[in-house]
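Structural characterization, general
Each chain, letter by letter, is given below.
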Amino acid sequence: MKICQSCAMPITDDNLLGTNKDGSINQDYCKYCYTNGKFIYDVGVEEFIDMCSQFGEQAGMTNEQMKEYCTKIFPTLKRWKK
Ligand SMILES: [Zn+2]
């Protein structure tokens, strides 16, 4: 399954993909993270984990579980990998 390489959201539909500067589809990031060739939230990984942890319910878990999940998976994603 394809996931956003910034926030790990499952990308189930090409409509969820972000766009490059020239308006073409970006295959790595979702539209909630990346649009017109730019990241919408220009933050560090820890801040981003905190932000995403607020949306546990939407992912079917508690915010605490969400934070644990994000902490584990984000460093493996293209945006955050060093
Ligand atoms: Zn994303």
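Just above sits the structure.
These numbers were taken from a predicted model, which means no experiment stands behind them.

Calculation rules
- Residues numbered from 1 in each chain as written.
- Predicted model: local features only at pLDDT ≥ 70, side-chain atom pairs only at ≥ 80, totals over all residues.
- Buried ≥ 20, exposed ≤ 12 C-beta atoms within 10 Å, placed from the backbone.
- Helix = DSSP H or I, 4+ residues; strand = E, 2+ residues; numbered from the N terminus.
- Arc of directions from axis to C-beta.
- Core = buried A, V, L, I, M, F, W, Y, C linked by C-beta atoms within 7 Å.
- Contact = placed C-beta atoms within 7 Å.

The subject of this paragraph is helix H1 (residues 45–52). Turning to H1, its buried residues are Phe 48, Ile 49 and Cys 52. Along the axis of H1, the buried residues cluster in a sector spanning 105 degrees; they form a single face. Turned more than 90 degrees from where H1 packs its buried face, Glu 46 and Glu 47 sit exposed.

Cys 4, Cys 7, Tyr 29, Cys 30, Cys 33, Tyr 34, Phe 48, Ile 49, Cys 52, Met 66, Cys 70 and Phe 74 together form the largest nonpolar core, which totals 12 residues. Put simply, the parts of the chain that give this core at least two residues each are strand S2 (25–30), H1 and helix H2 (63–73). Considering each element in turn, this core owes the most residues, 3 residues, to H1. Every residue in contact with Cys 33, bar those within four places of it in the chain, is listed here: Cys 4, Ser 6, Cys 7, Gly 18, Phe 39 and Ile 40.

The next thing to look at is unusual backbone geometry. Phi angles above zero are rare outside glycine, and Ala 8 is one such case at about 70 degrees. Residue placement: Ala 8 occurs in the segment before strand S1 (17–19). The residue Asn 36 is not glycine, and still its phi comes out positive at about 55 degrees. With respect to the helices, strands and loops of the structure, Asn 36 is situated in the loop between strand S3 (34–35) and strand S4 (38–39).

Geometry only, nothing functional implied.
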